[in-house]
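Chain and residue survey
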Amino acid sequence: MGAMAEREFDIVLFGATGFTGQLTAEYLARHAPADLRWALAGRNQTKLQAVRDRLGRPDLELLHADSTDPSSLSDVALRTRVVITTVGPYLEYGAALVAACAEAGTDYVDLTGEPEFVDQMYLQHHETAVRTGARLVHACGFDSIPHDLGAFFTVKQLPSDVPITLRGVVRSGGTASGGTIHSAVGQFARARQMKQAYAARRRAEGKPTDDRSSRTVSGKPHRDPLLGYWLLPLPTIDPIVVARSGAALSTYGPNFRYSHYAGTKTLRYAAAGAVVVSALAAASQLAPIRNFLLSKVAQGEGPDTAKREKSWFTVDFVGEGGGQTVRTRVAGGDPGYSETSMMLAESALCLALDTNPPTAGQVTTVQAMGENLLARLQAGGLRFETVSTTRTAP
């Protein structure tokens, strides 16, 4: 910690010239403490200067960093306490920066929703990060903060000494980012490699040492009588992250089970969603079709302010344990851009400035920051509310 305190910067943002990166820089410029020592990093210094000019922050230092130049990434990692990166798809561009942060003992946050990337980084760099004290925290945007912190918020209201079942139901009205679409298509195309990486990680990390159990449960399409939505199983990284938090913390009980769904008001929309996802997965297996689809989706661009202001999301949770049922909700604005940039920036600020639980290695947002990040997200505008609590008569 002494060596970290002596570093030149508290936070360096890598990828500030991209759309989400610029929003993250704007958030830091507006909300970070005045004495925060932060800088922008990237390959194109001219574009970085343009971002700095738009921010009206001539004091910000501009650092050279190139995802294809490991020495430049090592230099950045050694100069700061926390690195933020918005440069994806991470499976293609992210590994060298994770390696640099793990070796330097530098905390790291990203926006990835790519399970294969996360598992590969665990296998390659977790032990190094444990040794150096680095906290490698993936999925610090809409993937997967509302789900990870929302599950945490919910299980805290249930007994911690009984089995707990939890389901999360996502609904949104917004535009997926180009980077998210490219990452999703890439993961569909690498289903076999993704399964292999997941299995290798499971073998490497083993089971919780205290005989507890935490895992995801793949549900079936059905209508939820409590929430009133049709539910469609959602195979994203989010349930994996929630289950890993459940394995790490005894708060989630001795036997924790989590199911993850997209929710729609009608059966017709649920069926249409299933068809679209299945078609995209099938198309991703054929390189010509995959490349054609990706050529139509630009990365580094996003909707204007007016469109973002009309966007929204909710995640409803229903937790059951010890004769109690707790229903909660996490809600916010534009999930893919505005809220994601806030969540990413607040994660970095939390690591840099707050007194968090003692952790190291690859950890989830709940493991690394827990209550501190929950408070920051609420102050940043996300709404965490308890809708109802019921008890079964003994």
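It should be noted that the structure appears before, not after, this text.
Thresholds applied
- Residues numbered from 1 in each chain as written.
- Predicted model: local features only at pLDDT ≥ 70, side-chain atom pairs only at ≥ 80, totals over all residues.
- Heavy atoms only, no water.
- Helix = DSSP H or I, 4+ residues; strand = E, 2+ residues; numbered from the N terminus.
- Buried < 20%, exposed > 50% of the residue type's maximum accessible area, 1.4 Å probe, protein only.
- Contact = heavy atoms within 4.5 Å.
- Areas by Shrake-Rupley, 256 points an atom, 1.4 Å probe, with all protein chains shown as cover.
- Axes fitted to C-alpha atoms, helices over the stretch in contact; angles between N-to-C directions.
- Parallel < 35°, antiparallel > 145°, perpendicular 65-115°, else oblique.
- Left-handed = near helix turned anticlockwise from the far one by under 90°.
- Nonpolar A, V, L, I, M, F, W, Y, C, P; charged D, E, K, R; others polar.
- Phe/Tyr/Trp six-rings, centres within 6.5 Å; stacked < 30°, edge-to-face > 60°.
- Lys NZ or Arg CZ within 6 Å of the ring centre and 35° of its normal.
- Arc of directions from axis to C-beta.
- Polar contact = N/O pair within 3.5 Å; in protein donor to acceptor, adjacent residues only side chain to side chain.

Here's the deal with the overall build of the chain
Looking only at helices and strands, the chain has 16 helices and 15 strands in total. Residues counted as buried form 51% of the 394 residues belonging to the chain. Once local pairs closer than 6 in sequence are excluded, the contacts in the chain between residues at least 24 apart make up 77%. For the chain, the computed accessible surface area is about 17400 Å², with 53% contributed by carbon and sulfur atoms.

Brief notes about the packing of helix α2 (residues 19-31) against helix α15 (residues 338-353)
At a minimum axis distance of 8 Å, the contact between α2 and α15 shows a crossing angle of 55°. Our classification of the angle between α2 and α15 gives oblique. Relative to α15, the crossing made by α2 is right-handed. Mapping the contact onto sequence places T20, L23, T24, Y27 and L28 in α2 and S338, T340, S341, M342, L344, A345, E346 and L349 in α15. Looking at side-chain class alone, the contact of α2 with α15 contains seven nonpolar, five polar and one charged residues.

A look at the packing of aromatic side chains
Taken as a whole and judged by the stated rule, the model has five aromatic pairs. Summarising the aromatic geometry, the rings of Y90 and F117 are spaced 5.8 Å apart at their centres and angled 40° between planes, so their arrangement reads as tilted. Within this pair, whereas Y90 is found in helix α5 (residues 90-93), its partner F117 is found in helix α7 (residues 115-132), the two being separated by 27 residues in sequence. When the ring centre of Y122 is taken as origin, the NZ or CZ atom of R201, which lies over that ring, is 4.1 Å away.

Considerations on the environment of R327
Along the chain, R327 falls in strand β13 (residues 324-332). For R327, a relative accessible area of 16% corresponds to the buried category. If we ignore the near neighbours within four places in the chain, the residues touching R327 are L226, L227, D316, F317, V318, T386, V387 and S388.

Some thoughts on helix α3 (residues 45-55)
Those residues of α3 that fall on the buried side of the exposure criterion are L48, V51, R52 and L55. The arc that holds the buried residues of α3, viewed along the axis, is 100°, so those residues lie on one side. For α3, the exposed residues set more than 90 degrees away from the buried face come down to T46, K47, D53 and R54. Turning to α3, the residues buried within the fold contact α2, β2 (38-42) and β3 (61-64). Near the N-terminus of α3, the side chain that reaches the backbone nitrogen of T46, with its oxygen 3.0 Å away, is that of N44. Where α3 ends, the next residue or the one after it, G56, has phi of about 65°, a positive value.

Things to note about helix α8 (residues 145-155)
The buried fraction of α8 is high, at 11 of 11 residues. Among all positions in α8, only I145, P146, H147, D148, L149, G150, A151, F152, F153, T154 and V155 are buried.

Here we look at the packing of α8 against helix α16 (residues 365-379)
Running from N to C, α8 and α16 cross one another at 85°; their axes reach a closest spacing of 10 Å. Taken together, the axes of α8 and α16 lie roughly perpendicular to each other. For the pair α8 and α16, contact is made by I145, D148, L149, F152 and F153 and by T365, V366, G370, E371, L373, L374 and L377, respectively. Tallied by class, the residues present in the contact of α8 with α16 amount to eight nonpolar, two polar and two charged.

Quick word on the environment of S250
Looking at where S250 falls in the secondary structure, it is placed in the loop between α11 (238-248) and β11 (255-264). In sequence terms S250 and D210 are 40 residues apart; their C-alpha atoms lie 8.8 Å from each other. Discounting chain neighbours no more than four positions away, the residues touching S250 are S160 and R212.

Focus: unusual backbone geometry
Following G88, the chain continues to P89 via a peptide bond in cis, the omega torsion being 0°. For P89, the position within the fold is in the loop between β4 (80-85) and α5. Geometrically, the link from D143 to S144 is a cis peptide bond, its omega value of 0° lying close to zero. With respect to the helices, strands and loops of the structure, S144 is situated in the loop between β6 (135-137) and α8. The phi angle at A139 is positive, at roughly 60°, despite the residue not being glycine. On the secondary structure map, A139 appears in the loop between β6 and α8. On the basis of relative accessibility, which here comes to 3%, the residue A139 falls in the buried class.

Quick word on the side chain of T106
Examined against the element boundaries, T106 turns out to sit in the loop between α6 (95-104) and β5 (107-110). Overall, the relative accessible area of 0% leaves T106 in the buried class. There is a polar contact of 2.5 Å between the side chain of T106 and the side chain of R7. Not counting residues up to four positions away in its chain, the partners in contact with T106 are R7, A77, T80, R81, V82, V83, C101, A134, R135 and L136.

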